[in-house]
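Here are the chains, one letter per residue:
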Amino acid sequence: MIGDFGNFINQKRIGRGSDGNDILLKDIAKAMGTTATYLSDIIKGRRNPPEMNLLLKIADVLNLTSDERAEMFDLAGRERNEAAPDLPEYIMDENLPHVRAALRKANDKNLGDDFWKHVLEEIDKKG
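Residues numbered from 1 in each chain as written. Predicted model: local features only at pLDDT ≥ 70, side-chain atom pairs only at ≥ 80, totals over all residues. Heavy atoms only, no water.

Colleague: Go over the pattern of salt bridges, please, and point to the residues and values.
Modeller: All chains considered together, the criterion is met by eight salt bridges. Between Arg 47 and Asp 41 there is a salt bridge whose closest N-O contact spans 3.6 Å. A relative accessible area of 42% places Arg 47 in the partly exposed class. Among the charged side chains, a network of salt bridges with common partners joins Lys 12, Arg 16 and Glu 68. (Salt bridge = Lys/Arg side-chain N within 4 Å of Asp/Glu carboxyl O. Buried < 20%, exposed > 50% of the residue type's maximum accessible area, 1.4 Å probe, protein only.)

Right under this line is the structure:
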């Protein structure tokens, strides 16, 4: 059964080739250094989405915008039942202990998306 990650990849392949045609699975797989069968298994949900280095290669081939990359990372993390793969390095940075403390406190207090929306708005104000 195709998952959200697979649907996303399939949607983003449409019409994004240099000639305006669809980007083929074999072309994405080649850029990843894998086979089209392996990529097909990922898209069909028979394998987990790949690790960050391969996700970056997919993003490059599909010419994803920064928002589309973030969405792809979120979908990959969700299907792997992990944090989005672009976040752990930042979260675990030894120079940023307040990130982990803030996340733990927010979790302990069951703060929802309205809280994080406000945080995001404050971050956006920082430029």
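Colleague: Which residues make up the packing of helix H4 (residues 52–61) against helix H5 (residues 66–80), and what values go with them?
Modeller: When two helices pack together, you describe them by how their axes are tilted relative to each other and by the distance separating the axes. Contact geometry for H4 and H5: axes closest at 11 Å, N-to-C directions at 140°. The angle between the axes of H4 and H5 places the two elements in the oblique class. Viewed along their axes, H4 and H5 form a crossing whose handedness is right-handed. Of the residues in H5, those touching H4 at Met 52, Leu 55, Leu 56, Ile 58, Ala 59 and Asp 60 are Arg 69, Met 72, Phe 73 and Ala 76. Per-class residue counts for the contact of H4 with H5 are eight nonpolar, no polar and two charged. (Axes fitted to C-alpha atoms, helices over the stretch in contact; angles between N-to-C directions. Helix = DSSP H or I, 4+ residues; strand = E, 2+ residues; numbered from the N terminus. Parallel < 35°, antiparallel > 145°, perpendicular 65-115°, else oblique. Left-handed = near helix turned anticlockwise from the far one by under 90°. Contact = heavy atoms within 4.5 Å. Nonpolar A, V, L, I, M, F, W, Y, C, P; charged D, E, K, R; others polar.)

Colleague: Residues and numbers for helix H1 (residues 4–13), please.
Modeller: Residue pairs three or four apart in sequence face the same way in an α-helix, which turns once every 3.6 residues. Residues Phe 5, Gly 6, Phe 8, Ile 9, Lys 12 and Arg 13 constitute the buried set of H1. One face of H1 carries all of its buried residues, which in axial projection span an arc of 160°. When the buried face of H1 is taken as reference, the exposed residues oriented beyond 90 degrees from it are Asp 4 and Gln 11. On its buried face, H1 is in contact with helix H2 (25–32), helix H3 (36–43), H4 and H5. Gly 15 sits one or two positions beyond H1 and adopts a positive phi of about 70°. (Arc of directions from axis to C-beta.)

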